[in-house]
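As a plain string of letters, each chain reads:
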Protein chains: 2
Amino acid sequence: MTENFEITTFENMKKNTLTKTDKSKKGFIDEKIKKLIEKINENKNYFTTSSCSGRIVLISKGKKKNECEWLYSTHELADKDELWNLLQNIKTNSEVFFKMESFILHVSCKTLTDAEKFLLIARKLFKRAGIISLKKLSIEIIGSYSIETLIIKDKKILISKEYLDNLTDDANEKLKLNWEKMEEFKKMIYLL
Amino acid sequence: MTENFEITTFENMKKNTLTKTDKSKKGFIDEKIKKLIEKINENKNYFTTSSCSGRIVLISKGKKKNECEWLYSTHELADKDELWNLLQNIKTNSEVFFKMESFILHVSCKTLTDAEKFLLIARKLFKRAGIISLKKLSIEIIGSYSIETLIIKDKKILISKEYLDNLTDDANEKLKLNWEKMEEFKKMIYLL
């Protein structure tokens, strides 16, 4: 009876979460990660609770914790000239950082055994994969590529156009490698 | 009997690992993380298997996987002029990156309940904390600060001395914040 109860709870949570996900799909689940997520959600023992396919962002960070502002964000390849023009028009006293972030994914698992199975597969490809809650049997996976560097301080742009071009090339390259890794991971989901 | 066997195994592993750790202490366990590690190892239900207190590095990355070379590495605050001089003398065809990495810690736990307890405490301070192996009941914790940016490409230094100074200031600042977080974490270990 306990087991039945647990299964029902998991299935209800899955149903509720995926319904919620559907609602936000229009604006928030990006295409690049959609198929991976669908593949995972096809398996009755797992469901995804949040995701991002990776992105290139400009972010300002104030002195206080959580005093952050997104000045630019794209899940696609970034355009050098657009970024450079944008930089000229940023008015902030805060420090501004250029960042490339890899995909991130949170998955809920039905049982501890299911979590172990998922973790073993994920860790074949990703160094940053772990169970972050035993209560919720929730796994977090983060891709390995990243860039993070200061570009504006005391209202002054610290980098040249040439350096921004190099940064953007590198970020775009890493975003593509990140997508390839997601594709590779998608092909391994059948092992679950 | 099973439980006794498990406990004996855990205690033996702890003893073996800590003896090994002692051997490498002279060269490899850095002072900044030593007290945190000792605090954790005082608890009979946990032992640390590897650690780094955070560092500032210059690293060259070739096209092939694992084709990396450390050109500079410090666990202390970095010196701007030393870094700039070093940059002038780097001879490599590979891309070179400036990185600041936060502390990283791996901890083995005796039981799943012990792992859960450790995880709950670690996640109060760190977003990147998770169980990475259920077999070994191993937890990985990584600090939140990071810098990673390309600085040499096609044998050309892409940044100015002024920008390197800014990067180094930021890296040193983040290294200090990272040490503070470790200190804060150390004070929470008694909760285990």
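All figures in this text were calculated on a predicted structure; none of them were measured in a lab.

Draft legend 1. Examining the packing of aromatic side chains more closely. Residue and element names in this part refer to chain A. All chains considered together, the criterion is met by 11 aromatic pairs over all chains. Pairing Phe-103 with Phe-126 gives two aromatic rings, centres 5.1 Å apart and planes at 70°, and the pair type is edge-to-face. Separated by 23 residues along the polypeptide, Phe-103 in the loop between strand E4 (95–101) and strand E5 (104–109) and Phe-126 in the loop between helix H4 (112–125) and strand E6 (128–133) bring together distant segments of the chain. What links up through ring pairs into an aromatic cluster is the set Tyr-46, Phe-103, Phe-118, Phe-126 and Phe-185.

Draft legend 2. Representation of the pattern of salt bridges within the structure. Considering all chains together, one arrives at 27 salt bridges over all chains under this definition. Here Glu-76 of chain B ties to Lys-32 of chain B by a salt bridge, and the two come within 3.1 Å at their closest N and O atoms. Placement of Glu-76 of chain B in the loop between strand E3 (68–74) and helix H3 (80–88) and of Lys-32 of chain B in helix H2 (residues 31–42) is noted, with a sequence separation of 44 residues between them. Each member of the salt-bridge network shares a partner with another, and the members are Arg-55, Lys-61, Lys-99, Glu-101 and Glu-148 of chain A.

Draft legend 3. Broad picture of the interface of chain A and chain B. Contacts between chain A and chain B engage 35 residues on the former and 35 residues on the latter. Counting each side, the surface lost to burial between chain A and chain B is near 2,600 Å², with a carbon and sulfur contribution of 49%. In terms of surface lost to chain B, no three residues of chain A exceed Leu-134, Glu-148 and Tyr-163 of chain A, which account for 21% of the buried area on that side. For the pair chain A and chain B, the number of links is four salt bridges.

Draft legend 4. Structural detail: the pairing of strand E7 (residues 138–142) of chain A. All names here are of chain A. Along E7, five of the five residues are buried, which leaves the element largely enclosed by surrounding structure. Residues Ser-138, Glu-140 and Ile-142 of E7 are buried on one face, and the alternating residues Ile-139 and Ile-141, pointing to the opposite face, are buried as well. Across five bridges, E5 lies against E7 in antiparallel orientation. Note that in E7 the partner of Ile-104 across the bridge is Ile-142. The sheet contact formed by E6 and E7 spans five bridges and is antiparallel. Bridging from a neighbouring strand, Arg-128 pairs with Ile-142 of E7. In this structure, the hairpin formed by E6 and E7 is closed by a connection of four residues, where Leu-137 is found at a positive phi of approximately 45°.

Draft legend 5. Region of interest: unusual backbone geometry. The backbone of Leu-137 of chain A shows a phi angle near 45°, a positive value even though the residue is not glycine. For Leu-137 of chain A, the position within the fold is in the loop between E6 and E7. Taking the relative accessible area as the measure of exposure, Leu-137 of chain A reaches 12% and is therefore buried. Positive phi is not limited to glycine here, since Lys-155 of chain B has a value of about 65°. Among the structural elements, Lys-155 of chain B can be located in the loop between strand E8 (146–153) and strand E9 (156–157). Judged by its relative accessible area of 62%, Lys-155 of chain B is exposed.

Draft legend 6. Geometry of the environment of Ser-73 of chain B. All names here are of chain B. Topologically, Ser-73 is positioned in strand E3. Separated by 62 residues in the primary sequence, Ser-73 and Glu-11 have C-alpha atoms spaced 34 Å apart. Excluding anything up to four places from it in sequence, Ser-73 contacts Arg-55, Ile-56 and Val-57.

Draft legend 7. The relation of the copies chain A and chain B, seen in detail. Mapping chain A onto chain B calls for a rotation angle of 180° and an axial translation of 0.0 Å; the resulting RMSD is 0.0 Å. Taken together, the rotation and translation relating the two chain copies correspond to the operation of a two-fold axis. Taken together, the interface assignments show that 100% of the residues at the interface of chain A recur at the interface of chain B, consistent with an identical surface on both copies.

Draft legend 8. Spotlight on the packing of H2 of chain B against helix H5 (residues 161–188) of chain B. Residue and element names in this part refer to chain B. In the contact formed by H2 and H5, the axes pass within 10 Å of each other and the chain directions differ by 20°. As judged from the angle between their axes, H2 and H5 are roughly parallel. The two elements H2 and H5 cross, and the hand of that crossing is left-handed. Here Lys-32, Ile-33, Lys-35, Leu-36 and Lys-39 of H2 come into contact with H5, specifically with Trp-179, Met-182, Phe-185 and Lys-186.

Draft legend 9. Region of interest: the nonpolar core. Ranked by internal contacts, the top residues of the largest apolar core, which has 105 residues, are Phe-185 of chain A together with Phe-185 of chain B. Setting aside chain neighbours within four positions, we find Phe-185 of chain B in contact with Leu-36, Leu-105, Phe-118, Ile-121, Ala-122, Leu-125, Phe-126 and Ile-141 of chain B.

Draft legend 10. Quick peek at the environment of Thr-168 of chain A. Residue and element names in this part refer to chain A. Within the element layout of this structure, Thr-168 appears in helix H5 (residues 161–188). Separated by 85 residues in the primary sequence, Thr-168 and Leu-83 place their C-alpha atoms 8.7 Å from one another. Other than its neighbours up to four places away in sequence, Thr-168 contacts Ala-78, Lys-80, Leu-83 and Phe-98. Looking at Thr-168, its side chain comes within polar contact range of the main-chain oxygen of Leu-164, at 2.6 Å.

Conventions adopted
- The residue count restarts for each chain, going from 1 along the sequence in the order it is written.
- Ligands are numbered from 1 and chains lettered from A, in the order in which they are written.
- Owing to the predicted nature of the model, reporting of local features is limited to residues with pLDDT of at least 70; listing and counting of side-chain atom pairs is limited to 80 or more, with chain, interface and lining totals taken over all residues.
- Neither water nor hydrogens contribute to the side-chain values; these are computed over all heavy atoms in the structure.
- Centres within 6.5 Å are what make two rings of Phe, Tyr or Trp a pair, Trp counting through its six-membered ring; a difference in plane orientation under 30 degrees is then read as stacked, over 60 as edge-to-face, and the rest as tilted.
- Helix and strand definitions here come from DSSP, where helices need a minimum of 4 consecutive H or I residues and strands a minimum of 2 consecutive E residues; each element is numbered from the N-terminal end.
- Between Lys or Arg on one side and Asp or Glu on the other, a salt bridge is scored when a side-chain nitrogen of the former is within 4 Å of a carboxyl oxygen of the latter.
- Throughout, a contact is declared for two residues whenever any of their heavy atoms are within 4.5 Å.
- A simple way to read buried area is as the amount of 1.4 Å-probe accessible surface that goes missing from two parts once joined, with both sides added.
- In this scheme, a residue with accessible area under 20% of its type's maximum is buried, one over 50% is exposed, and one in between is partly exposed, where area comes from a 1.4 Å probe on protein chains only.
- In this scheme, strands are said to pair when DSSP sees at least two bridges between them.
- In superposing the copies, a least-squares fit is computed on C-alpha atoms, taking residues whose pLDDT is at least 70 in both.
- Inter-axis angles, ranging from 0 to 180 degrees, are taken between N-to-C directions of lines fitted to C-alpha atoms, where helices are fitted over the stretch in contact.
- For classification purposes, an angle smaller than 35 degrees is called roughly parallel, one larger than 145 roughly antiparallel, one from 65 to 115 roughly perpendicular, and anything else oblique.
- By convention the crossing between two helices is left-handed if the near helix lies anticlockwise of the far one by an angle smaller than a right angle, and right-handed if it lies clockwise.
- Throughout, nonpolar core names a set of buried Ala, Val, Leu, Ile, Met, Phe, Trp, Tyr and Cys residues whose side chains join them through atoms within 4.5 Å.
- We define a polar contact as two N or O atoms separated by no more than 3.5 Å, with the added condition that, inside protein, one atom must be a possible hydrogen donor and the other a possible acceptor, whereas residues neighbouring each other in sequence contribute only through side-chain atom pairs.

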